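Single-letter residue listing:
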Amino acid sequence: EAAAVAAPSQTEVAAGSAASAVVLPERLQRREAERQQGVERQRQKKEAQVVKEEQSEFFLATFAREREAVEALLAAGTLEEAAARLQALQKLLTGSVRFLAPYEVRQGQETVARLQGDLAARRQQLQPKKKFAFRTLKKEAAPGSAPRPAEPAPPAPAAPGLGLAEGESGGPPLCGFSGAQDEELELGPAELLQQDVLLSELRGCRVRLRGNPNTLRVRDCSGCTVLCGPVSTSVLVDGCSDCLLALACQQLRTHRTRDCRVYVQVTSRAVIEACSGVSFAPYSWSYPGIERDFESSGLDRNSNNWNLVDDFDWLATDKPSPNWSLIAEQERITCWD
């Protein structure tokens, strides 16, 4: 009787075996399902990588071909066609940012900036020369008379504080302001249309650029407000501090700049380098005729990556860069007058 109690019955043994048979296949099925999911994820990842590489190869080949075409047009002096092809090249780069590696984006931006500088230099080089005019000969002073004081030489243009920034040509700008302090400065549509504009070494100035420039460079300015209409291609902000800027462009590059607020509409991703304390908000400046200027610039008003910023000095992907921030909505400027 004791043995009968200690030993399990045949029925119990059979029930235990059946339960084990059920649990084992379920566990195996679960592991197999997890393995299949892992295999599928790897396959999709590999396919996405292949597509990305193919897109990158196509972009690089197309970009190189278009760059060579722009260079050939610049060499031939066909500047209007070169400007149109350069604008198309910028749009190609802007539309490809999402699948390009950061170093490919940077190389593309540097190439476009260099070509823009070459275009500005060629425009200046091919400008009509000033007509020759005879100068009146000075009369000889009478013997014994006091010599006439020498006429003062015309003021030389302000020399840049540093070497040429990336993408700048060696010649003077076609239009802009330099060396002013505590002044109200303004240019209109007729003066700005597709021009290359340089603002340099301004202190405490308020600048209004109502119109559609081709490029804009803001260099070594401090304590200034710069309000600019839509720029067809790129804006470079270099060596500035404590400035307020309203900018609309295809490409924004900010170098060696600190404590500036930037209200921007940009179709690619903005780039900062060697910067600190730079904050961003969406472009909100307006003036009569701005819609017409947006049309002539080719910018898409519905495309604005104002809050997408690449910091070339911050490589960590799991932490945001400490060098830039977004301006809180309640702190943004809504009235610019």
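Residues numbered from 1 in each chain as written. Predicted model: local features only at pLDDT ≥ 70, side-chain atom pairs only at ≥ 80, totals over all residues. Heavy atoms only, no water.

Under an unreviewed UniProt entry, the name given to the protein is Tubulin-specific chaperone C, and the organism recorded is Pomatorhinus ruficollis. As recorded by UniProt, the Subcellular location (unreviewed entry) comment attached to the protein reads in full: "Cytoplasm". For the record of the protein, the UniProt heading Function (unreviewed entry) holds the text "Tubulin-folding protein; involved in the final step of the tubulin folding pathway." (UniProt positions renumbered as here; feature names shortened; annotations may be inferred.)

Next up on the list: the overall build of the protein. Counting secondary structure elements, the protein contains six helices and 14 strands. Out of the 337 residues in the protein, the part that is buried amounts to 39%. Approximately 20100 Å² of the protein is accessible, and the part contributed by carbon and sulfur atoms is 54%. (Helix = DSSP H or I, 4+ residues; strand = E, 2+ residues; numbered from the N terminus. Buried < 20%, exposed > 50% of the residue type's maximum accessible area, 1.4 Å probe, protein only. Areas by Shrake-Rupley, 256 points an atom, 1.4 Å probe, with all protein chains shown as cover.)

The seven strands lie next to each other as E2-E4-E6-E8-E10-E12-E14, forming an open sheet whose pairing is parallel. The two strands at the open ends of the sheet, each matched to only one other strand, are strand E2 (184-187) and strand E14 (324-326). This sheet shows a mean twist of 20° between the axes of neighbouring strands, independent of strand direction. Judged from the four bridges that link them, strand E10 (residues 261-266) and strand E12 (residues 278-282) form a sheet pairing that is parallel. Across the sheet, the residue bridging to valine 264 is proline 282, located in E12. Seen against the sheet, helix H6 (residues 290-297) touches strand E6 (225-230), strand E8 (244-249) and E10 and runs at an angle of roughly 65° to E6. (Pairing = 2+ DSSP bridges. Axes fitted to C-alpha atoms, helices over the stretch in contact; angles between N-to-C directions. Contact = heavy atoms within 4.5 Å.)

Right, let's get into H6. Those residues of H6 that sit buried are Ile290, Asp293, Phe294 and Ser297. For H6, the arc enclosing every buried residue in end-on projection is 105°, short of the 170-degree limit, so these residues lie on one face. Facing away from the buried side of H6, by more than 90 degrees, are the exposed residues Arg292 and Glu295. On its buried face, H6 sits against helix H3 (79-96), E6, E8 and E10. Immediately downstream of H6, the backbone of glycine 298 shows phi near 80°, a positive value. (Arc of directions from axis to C-beta.)

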